[in-house]
Amino acid sequence: MVTTQQRQDLPEDADLRRADSLAREIFSDVANKWALLIIEALGERTLRFSEVRDEVAGVSHKMLTQNLRMLERNGLVDRTVHPTVPPRVEYTLTEPGRALRATVDALCDWTQRHLGHIEDARRRFEG
């Protein structure tokens, strides 16, 4: 947990409480289901676009493209275009992307561990 003193020591761009902070913008970018699933799918591998699409069931071509571009823009994914016909494009996590993957892995583990509890709670809530 971040203390009040630690928050005061943060630069404005690093303060998630501020609506105009870069940290909040980055958090918003990566904290979506497609970005998290893409990061998990890439793992330690390099994949072509179609391979990422196959790994992330249900993602549309448009959403995959948008999220890969966003991850590349934020320096979490490297995109390599090989000069072939047709061009071969590959994606791999950068060092910051691999570091974020550890957090994504923990979130996936948490989801799997608590899935039964969440299903029970939903059934009780829905009556």
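Keep in mind the model is a prediction, meaning the values are calculated, not measured. (Residues numbered from 1 in each chain as written. Predicted model: local features only at pLDDT ≥ 70, side-chain atom pairs only at ≥ 80, totals over all residues. Heavy atoms only, no water.)

Caption draft 1: Layout of the environment of R48. For R48, the location among the structural elements is in strand β1 (residues 47-48). Its relative accessible area of 36% is what places R48 among the partly exposed residues. With 40 residues separating them in the primary sequence, R48 and R88 have C-alpha atoms 7.4 Å apart. Residues contacting R48, with those up to four places away along its chain left out, are R88, V89, E90 and Y91. (Helix = DSSP H or I, 4+ residues; strand = E, 2+ residues; numbered from the N terminus. Buried < 20%, exposed > 50% of the residue type's maximum accessible area, 1.4 Å probe, protein only. Contact = heavy atoms within 4.5 Å.)

Caption draft 2: Local environment of the confidence of the model for the protein. A residue-level look at the protein finds 94% of positions with pLDDT of 70 or above and a mean pLDDT of 91. In the model of the protein, helix α1 (residues 4-9) stands out as the element of lowest mean pLDDT, 55, in contrast to β1, which has the highest, 98. Confidence over residues 1-6 falls short of pLDDT 50; this stretch has 2 contacts with residues more than four positions distant or in other chains. (pLDDT = per-residue confidence, 0-100.)

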